[in-house]
Amino acid sequence: MVPVIHRKQRPGYLLLEALLGMAIFSIFMSALGMTLLYGQENTVNAGDRTRGVYLASRTMEGVRAIRDGSFSSVTTGTKGVWVNPATHRWAFSGTSMTLSGSYVTSVTISSKASDWLAFTGTTSWKHGYNRAGVITLTGEVTDWRSAKSVGNWGTPTLEGSLAPGGTPLFNKLAIAGNVAYVTCNATTGLYMINIANTATPARLNSAFSIGYSAYDVVIRGKRMYVLTSDSNAELKVYSITNPSVPTLITSYNLPGNGLGTSLATGFYDLYVTATYSATAGQYELYAFDISNSGSVVLTSGINDTATMHAIALSGTSAYIGSAQDTGELTVMYTSATGAITANGTFNLTDRTLNGIAIAVSGTSAILGTEKGTSISEMALFSVGSGVPSALPGPWYHETSGSLLDVDMDPYRCYTFVAVSSGRKAFQVVNMRNKTTLPELYSYNSSTGLGRGLTYDAVRDRVFVTTDSAILIFSPAASGGNCP
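Heads up: these notes are all about the structure in this document. On a predicted model such as this, the values are computed, not experimentally measured, just so you know.

Each value, and the rule that gives it
Residues numbered from 1 in each chain as written. Predicted model: local features only at pLDDT ≥ 70, side-chain atom pairs only at ≥ 80, totals over all residues. Heavy atoms only, no water. Pairing = 2+ DSSP bridges. Helix = DSSP H or I, 4+ residues; strand = E, 2+ residues; numbered from the N terminus. Axes fitted to C-alpha atoms, helices over the stretch in contact; angles between N-to-C directions. Core = buried A, V, L, I, M, F, W, Y, C linked by side-chain atoms within 4.5 Å. Buried < 20%, exposed > 50% of the residue type's maximum accessible area, 1.4 Å probe, protein only. Contact = heavy atoms within 4.5 Å. Phe/Tyr/Trp six-rings, centres within 6.5 Å; stacked < 30°, edge-to-face > 60°. Disulfide = S-S within 2.5 Å. Salt bridge = Lys/Arg side-chain N within 4 Å of Asp/Glu carboxyl O. Polar contact = N/O pair within 3.5 Å; in protein donor to acceptor, adjacent residues only side chain to side chain.

Below, the discussion takes up the sheet that holds strand β12 (residues 202-204). Ordered by their spatial adjacency, four strands build an open sheet running β9-β10-β11-β12, and the pairing between neighbours is antiparallel. For this open sheet the edge positions go to β9 (170-176) and β12, each flanked by a neighbour on one side alone. On average, each strand axis in the sheet is tilted by 35° relative to the strand beside it, whichever way the strands run.

Right, dumping it as structure tokens:
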């Protein structure tokens, strides 16, 4: 006989299981709800930040508009910026402005010189407990209407120099305030030079090192962009809020292995040229949006058939020194959206050598090419917008070596060139005499070949780099006219 087992009913277990199921379901729904709320909150916060950047940028443009009306109207201190409804013009009002309900904007202006101001635009907001933030943008303005005296560069003198030792192979340089940032092929990458007294330049923070060779540098406000040999992060962005202690903000890896060649910057855009690559996506020209100080965003790229060695910007055109045999001078159109489109080329029919240096000011463009037999390495073009026409010009000057870097004064009286020659490493050319473009001055370097230079309009000085030194030239007293 099989025994019968009687089981007791336990209704409490059913209630416990029901409660446990409800608890687990509640936890799941709470987690899902928090995820959705967190995502929505991030979206809202991103919208707050975008609006803050826009309002800060708007304030900065207001300062520039007031400067354009009258430089004397831009005085130091903390101010609000608004559009006066009575005049429909930008004006200062109080110490801040409240816009779009709860965004507070202000600009703090400080003096760098009698005709040179630095300013910081700030937008802050607080939308509840978790939605607060601050956006800060920096910029500079000068009194562009003031008449500047350019010295007589027909008889310059070597005012100061710095040879730190070894052969760092200095390249391009950029100046911000009283500091010159000089790139080099040594692993140090970047030298910072105090030029408060141009007769006695001195190196700052000798412990600083990028760890890679650096080829070019440009500065926008308190941000410095350096093009390096780092194959994983060629483009490096530094904060120079402390001028002698650059702090890395971010970097960008150009496709390929260290192909970058030169840099140029607009107000919100950065352009990078590169060595030719047949690989798709490895462009010869890159355009980046740098409006956000913490990022570098690719907006456009151009695939070309030759290396682009150097770039200069003027208006909506980018002028490029190219290795293209049928277009040593290449012109690109740049748009406000960051798009780049080809505009045309100019072929120097007397050579197959590369365009390797470029400078543009007003209606003048100067292209430098590699040294060749029976050619002149410097070509001066008359440009309006886009590709120069065959006539008038171009006009030529023989530099006795590859022209590696070039600049000119703002009145286009003088052209300054750095040449890969020790005998004439630095040369000054009279660019007003287009018939012969005569050489006014040349400097025989004992510190190696000429490699790079820049004309500093604030100081009326030319900074030249060689294999092992940084040279600072000053002009003679101005005669009041171009030579």
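Right, picking up where we left off after that structure.
For the rest of this paragraph, the subject is the nonpolar core. The biggest cluster of nonpolar side chains holds 19 residues, and the ones touching the most others in it are V63, V74, V107, I109, L117 and F119. Within the residue set of this core, elements represented by two or more residues are α1 (11-69), β4 (97-99), β5 (103-113), β6 (116-126) and β7 (132-142). It is α1 that provides the largest number of residues to this core, a total of five residues. What L117 contacts, discounting residues up to four positions off in sequence, is F71, V74, T76, I109, S110, S111, K112, G139, E140 and V141.

Moving on: the packing of aromatic side chains. Tallying each qualifying case throughout the model produces 16 aromatic pairs. An angle of 20° between the planes, with centres 6.5 Å apart, marks the rings of F416 and F426 as stacked. Of this pair, F416 sits in strand β30 (residues 414-419) while F426 sits in strand β31 (residues 426-430), placing them 10 residues apart in sequence. For F426, a relative accessible area of 0% corresponds to the buried category. Aromatic rings pair up to connect W153, Y414, F416, F426, Y441, Y443, Y455 and F473 into one cluster.

What follows is about the sheet that holds strand β27 (residues 378-382). The strands making up a sheet associate through backbone hydrogen bonding, with each pair oriented either parallel or antiparallel. Taken in spatial order, the four strands make up an open sheet running β25-β26-β27-β28, and their pairing is antiparallel. Two strands close off the open sheet at either side, each with one partner strand: β25 (355-361) and β28 (395-397). Taken over all neighbouring pairs, the strand axes of this sheet differ in orientation by 20° on average, direction set aside. Where β25 meets strand β26 (residues 364-369), six bridges bridge the pair, whose relative direction is antiparallel. By the bridge assignment, A357 is partnered in β26 with G368.

When the sulfur atoms of two cysteines share a covalent bond, that bond is a disulfide. Overall, the coordinates contain one disulfide when judged by the stated rule. Across the disulfide, C413 is cross-linked to C482 (sulfur-sulfur distance 1.6 Å). Remark: C482 occurs in the segment after β35 (470-476) and C413 occurs in the loop between β29 (403-408) and β30; sequence separation between them is 69 residues.

Right, let's talk about the pattern of salt bridges for a bit. This model, assessed by the stated rule, comprises seven salt bridges. For the salt bridge of K424 with E439, the shortest nitrogen-to-oxygen distance reads 3.3 Å. Linking K424 in the loop between β30 and β31 with E439 in strand β32 (residues 439-443), this pair joins segments that are 15 residues apart in sequence. A relative accessible area of 16% places K424 in the buried class. The partly exposed category is assigned to E439, whose relative accessible area is 29%.

In this section: the side chain of Q282. In this structure, Q282 sits in the loop between β18 (269-274) and β19 (285-289). Accessibility expressed as a relative area gives 15% for Q282, which makes it buried. Once residues lying within four places of it in the same chain are set aside, the contact partners of Q282 are P255, G256, L259, S277 and N303.

With that settled, the discussion passes to the side chain of S468. In this structure, S468 sits in the loop between β34 (461-466) and β35. Owing to a relative accessible area of 16%, S468 belongs among the buried residues under this scheme. One polar contact links the side chain of S468 to the main-chain carbonyl oxygen of T447, over a distance of 2.8 Å. Among residues more than four places away in sequence, those in contact with S468 are L162, A163, P164, G166, T167, P168, F170 and T447.

The next subject is the pairing of β7. Along β7, the buried face is formed by G133, I135, L137, G139 and V141; none of A132, V134, T136, T138, E140 and T142, which line the opposite face, is buried. Pairing of β6 with β7 involves 11 bridges; the strand directions are antiparallel. For G121, the partnering residue across the bridge sits in β7 and is L137.

Moving on to the environment of L353. Inspection of the secondary structure assignment puts L353 in the loop between β24 (340-346) and β25. Between the C-alpha atom of L353 and that of A310, which follows or precedes it by 43 residues, the distance is 14 Å. Not counting the four nearest positions on each side in its chain, L353 is found in contact with E328, E370, K371, G372 and I375.

Right, let's get into unusual backbone geometry. Cis geometry is adopted by the peptide bond preceding P394, which originates at G393 and carries an omega value of 0°. With respect to the helices, strands and loops of the structure, P394 is situated in the loop between β27 and β28. A positive phi is found at S400, a non-glycine position, where the angle reads about 65°. In this fold, S400 is placed in the loop between β28 and β29. Taking the relative accessible area as the measure of exposure, S400 reaches 25% and is therefore partly exposed. With a phi angle near 55°, R412 is a residue other than glycine that sits in the positive phi range. With respect to the secondary-structure elements, R412 resides in the loop between β29 and β30.

This next bit is on the environment of Y103. Topologically, Y103 is positioned in strand β5. Owing to a relative accessible area of 6%, Y103 belongs among the buried residues under this scheme. Excluding residues within four positions of it along the chain, Y103 makes contact with D48, R51, G52, L55, M97, T98, T123, S124, W125 and H127.

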